[in-house]
Amino acid sequence: RSQTGERNAVLLSSVQLADSLHGTASYDEALNVYTKALAAVDSAHGRAECLANRGSTYWRLGRFSEALQDMRESLTIWKRLPVQSGLGNVFSNLGLVLWEIGEYDDSLNAFQNAAAVMRDLGNRRGLAFVANNSALVEGTLGDYHASARSFERAAALFDILEDRLSAGRVRTNSARIYLKLGN
């Protein structure tokens, strides 16, 4: 085994450990592991992914400025690579962070960018989540008709994917919007 192969294996293990820690809400530990992995990563793809994941961890910790910084740096790298779902995922997560801090126009713009990437890749699951997230922002802005349309688009995509749980969650959200519309 070459040194490079061993280094890549260690790095991959570190990122997987950080992802697992993030998944179990051990955000402080995940943050430490992502930060160490970033110091060792030597590929653009790996750096973009690690920054995106660390940004999501900062977000979960309520450290929004750091989350935005990592996500934006990740986007800069992703944009130089061949288009892939990682780019769309970062745009989508960026949109959620921006929504949470009240930057609604920028949030919708991020979701539009995410949708464009997901459409280019034919990623219907990604499109469904982006439509759902857009609907949340539209509802926050009081544009209930747009929100209802976006929720319906998301539900239809989840139906095609036979993801009944996600479709049900989206329909629950859309029902709240329809109530606000008096329907």
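Here, every reference points to the structure presented above.
All of these numbers come straight from a predicted model, not from anything done at the bench.

J.: Any details on the pattern of salt bridges? Residues and values, ideally.
T.: Throughout the structure, instances matching the rule amount to five salt bridges. The shortest N-O distance in the salt bridge between R171 and D159 comes to 2.6 Å. Of the two residues, R171 is situated in helix α9 (residues 164–180) and D159 in helix α8 (residues 144–160); the sequence distance between them amounts to twelve residues. Residue classification places D159 among the partly exposed positions, given a relative accessible area of 38%.

J.: An account of helix α5 (residues 85–100) is requested, with residue identities and associated values reported.
T.: An α-helical turn contains 3.6 residues, so any two residues separated by three or four positions project in the same direction. An ideal rise of 1.5 Å per residue puts 22 Å on 16 residues; α5 measures up with 23 Å between its terminal C-alpha atoms. Turning to α5, its buried residues number three or more, namely G86, L87, G88, V90, F91, S92, L94, G95, L96, V97 and L98. The inward-facing, buried residues of α5 abut α3 (44–60), α4 (64–80), α6 (104–121) and α7 (124–140). One or two residues past the end of α5 sits G102, with phi positive at roughly 85°.

J.: Describe the layout of surface pockets, naming the residues involved and giving the relevant values.
T.: Quantified by volume, the largest pocket comes out at close to 500 Å³. Around the largest pocket, the lining comprises 28 residues; the ones closest to its centre are N89, V90, S92, N93 and F129. Looking at the lining of the largest pocket, the elements with two or more residues in it are α3, α4, α5, α7 and α9. Among the elements that make up the lining of the largest pocket, the one with the highest residue count is α5 (seven residues). Among the residues making up the lining of the largest pocket, the classes are represented as ten nonpolar, 15 polar and three charged.

J.: Would you mind going over the side chain of S150 in detail, with residue names and values included?
T.: Relative to the helices and strands, S150 resides in helix α8. Non-local contacts of S150, meaning those with residues more than four positions away in its chain, are made with A131, S134, A135 and E138.

J.: Got a sec to walk through the packing of α3 against α4? Specific residues and values, please.
T.: Two numbers describe how α3 lies on α4: the axes approach to 8 Å, and their chain directions differ by 160°. For the element pair α3 / α4, the angle class is roughly antiparallel. The handedness of the crossing between α3 and α4 comes out as left-handed. Along its contact with α3, which presents A44, H45, R47, A48, E49, L51, A52, R54, G55, S56, Y58 and W59, the element α4 presents F64, E66, A67, D70, M71, E73, S74, I77 and W78. The residue inventory of the contact of α3 with α4, partitioned by class, reads eleven nonpolar, four polar and six charged.

J.: Go over the packing of aromatic side chains with me, naming the residues and quoting the values.
T.: The full count for this structure, using the stated rule, is one aromatic pair. Taking 5.0 Å as the distance between ring centres and 80° as the angle between the ring planes, the aromatic pair formed by F129 and F158 counts as edge-to-face. Of this pair, F129 sits in helix α7 while F158 is found in helix α8, placing the two residues 29 residues apart along the sequence. On the basis of relative accessible area, F158 is assigned to the buried category, the value being 1%.

Conventions used here
- Residues numbered from 1 in each chain as written.
- Predicted model: local features only at pLDDT ≥ 70, side-chain atom pairs only at ≥ 80, totals over all residues.
- Heavy atoms only, no water.
- Salt bridge = Lys/Arg side-chain N within 4 Å of Asp/Glu carboxyl O.
- Helix = DSSP H or I, 4+ residues; strand = E, 2+ residues; numbered from the N terminus.
- Buried < 20%, exposed > 50% of the residue type's maximum accessible area, 1.4 Å probe, protein only.
- Expected span 1.5 Å × (residues − 1).
- Contact = heavy atoms within 4.5 Å.
- 1 Å grid on protein atoms, 1.4 Å probe; cavity = no way out; pocket = protein on both sides within 12 Å on 5 of 7 lines; lining within 4 Å.
- Points joined across faces, edges and corners; volume = space filled by probe spheres on them.
- Nonpolar A, V, L, I, M, F, W, Y, C, P; charged D, E, K, R; others polar.
- Axes fitted to C-alpha atoms, helices over the stretch in contact; angles between N-to-C directions.
- Parallel < 35°, antiparallel > 145°, perpendicular 65-115°, else oblique.
- Left-handed = near helix turned anticlockwise from the far one by under 90°.
- Phe/Tyr/Trp six-rings, centres within 6.5 Å; stacked < 30°, edge-to-face > 60°.

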